[in-house]
Amino acid sequence: MPNLHSNISFGLVNIPVVMNPIIRNNDTSFNQLHSKCLTRVKYIKHCPHCKKDLKEKDIIKGYQYEKNNYLVFEKSELDKLKPERDKEIEVISFIKESDIPNFYYEKSYFLGTENKSKAYNLFYEALKKTKLVALAKTIISTKFYYCILRLESSGIIMTTLYFNEEVHMPENNISGRVNEQELALAVKLIESMKGKFEPEKYKDEYQMNIKNAINDKLDGKEIKPKRKTNKVQVNNLMDALEKSLKGNK
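Just so it is clear, the structure is predicted and the values come from calculations on it, not from any experiment.

Participant: Please clarify how the packing of aromatic side chains should be interpreted in this entry.
Facilitator: The relative placement of two aromatic rings is captured by the distance of their centres and the angle of their planes. Counted by the stated rule, this structure contains eight aromatic pairs. With 5.6 Å between their ring centres and 75 degrees between their planes, Phe10 and Phe94 make a pair best called edge-to-face. Taken together, the residues Phe10 in strand 1 (residues 4-10) and Phe94 in strand 7 (residues 88-95) connect sequence positions 84 residues apart. Taken together, the aromatic side chains of Phe10, Phe94 and Phe123 make up a single cluster linked through ring pairs. Taking the ring centre of Tyr105 as reference, the NZ or CZ of Arg150 above it sits at 5.2 Å.

The following block contains the structure:
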């Protein structure tokens, strides 16, 4: 996705921003090939009724309201349904970030400024002083989102939110008492494994293996399976905790 120009609408204040996706897909891209001749497979849009291959200009959108019956929508009609200020990030409220469960977070974007913007800096400092985040609404591509604007040291981060009807969290099913001795050992095990979040250390092992395999195949080498360590299964919970602690020591 290319960088997008937008505006944070904050009361009557407009703050020009450039929206950059923070996350980029790191997966190795494979093409689908015909196994017989190794030719890349093409995806053709085909109408089975007319027995004809279609071009993009031949295709329209339809909503199936009953089997094989569709309501047709032109692009101009769908454009009329967009919110009035669809090119803006419209702030509607200020809330505590702790009020939002983490599972509502979807995708994050960095909202930068192309020049030294007094309004951008003012908005940043106001959020910092109030210790609140901005709840806003916007459209990205053709999809409507609610989102929050929060602070990082480098600037303002916009994170889109899932709608409530998209979130399906099971009801609380944690019940029953725990053995105090087992609990004490579990706490010790957690303490022995305590560390810091250092994302630069956490590599995508599967993608690294794929990239190494690509180089090996280019060099004519055989792909060998990775060695797997056999994990000892301990069925007794107390024994498992005690052996885990000894292993960490």
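Participant: Please explain the sheet that holds strand 7 as it appears in this structure.
Facilitator: Pairing is mixed around the closed barrel formed by seven strands, whose spatial order is 1-2-8-11-10-9-7. Each strand of the sheet is rotated relative to its neighbour by a mean of 40 degrees, with strand direction disregarded. Bridge count for strand 1 against strand 7 is three bridges, and the pairing is parallel. By the bridge assignment for strand 7, Asn7 is matched with Glu88. Sheet strands touched by helix 2 (residues 118-130): strand 1, strand 2 (13-21), strand 7, strand 8 (105-112), strand 9 (133-140), strand 10 (143-152) and strand 11 (155-161). Its angle to strand 10, the strand with the most contacts, is close to 75 degrees.

Rules and cut-offs
- Residues numbered from 1 in each chain as written.
- Predicted model: local features only at pLDDT ≥ 70, side-chain atom pairs only at ≥ 80, totals over all residues.
- Heavy atoms only, no water.
- Phe/Tyr/Trp six-rings, centres within 6.5 Å; stacked < 30°, edge-to-face > 60°.
- Helix = DSSP H or I, 4+ residues; strand = E, 2+ residues; numbered from the N terminus.
- Lys NZ or Arg CZ within 6 Å of the ring centre and 35° of its normal.
- Pairing = 2+ DSSP bridges.
- Axes fitted to C-alpha atoms, helices over the stretch in contact; angles between N-to-C directions.
- Contact = heavy atoms within 4.5 Å.

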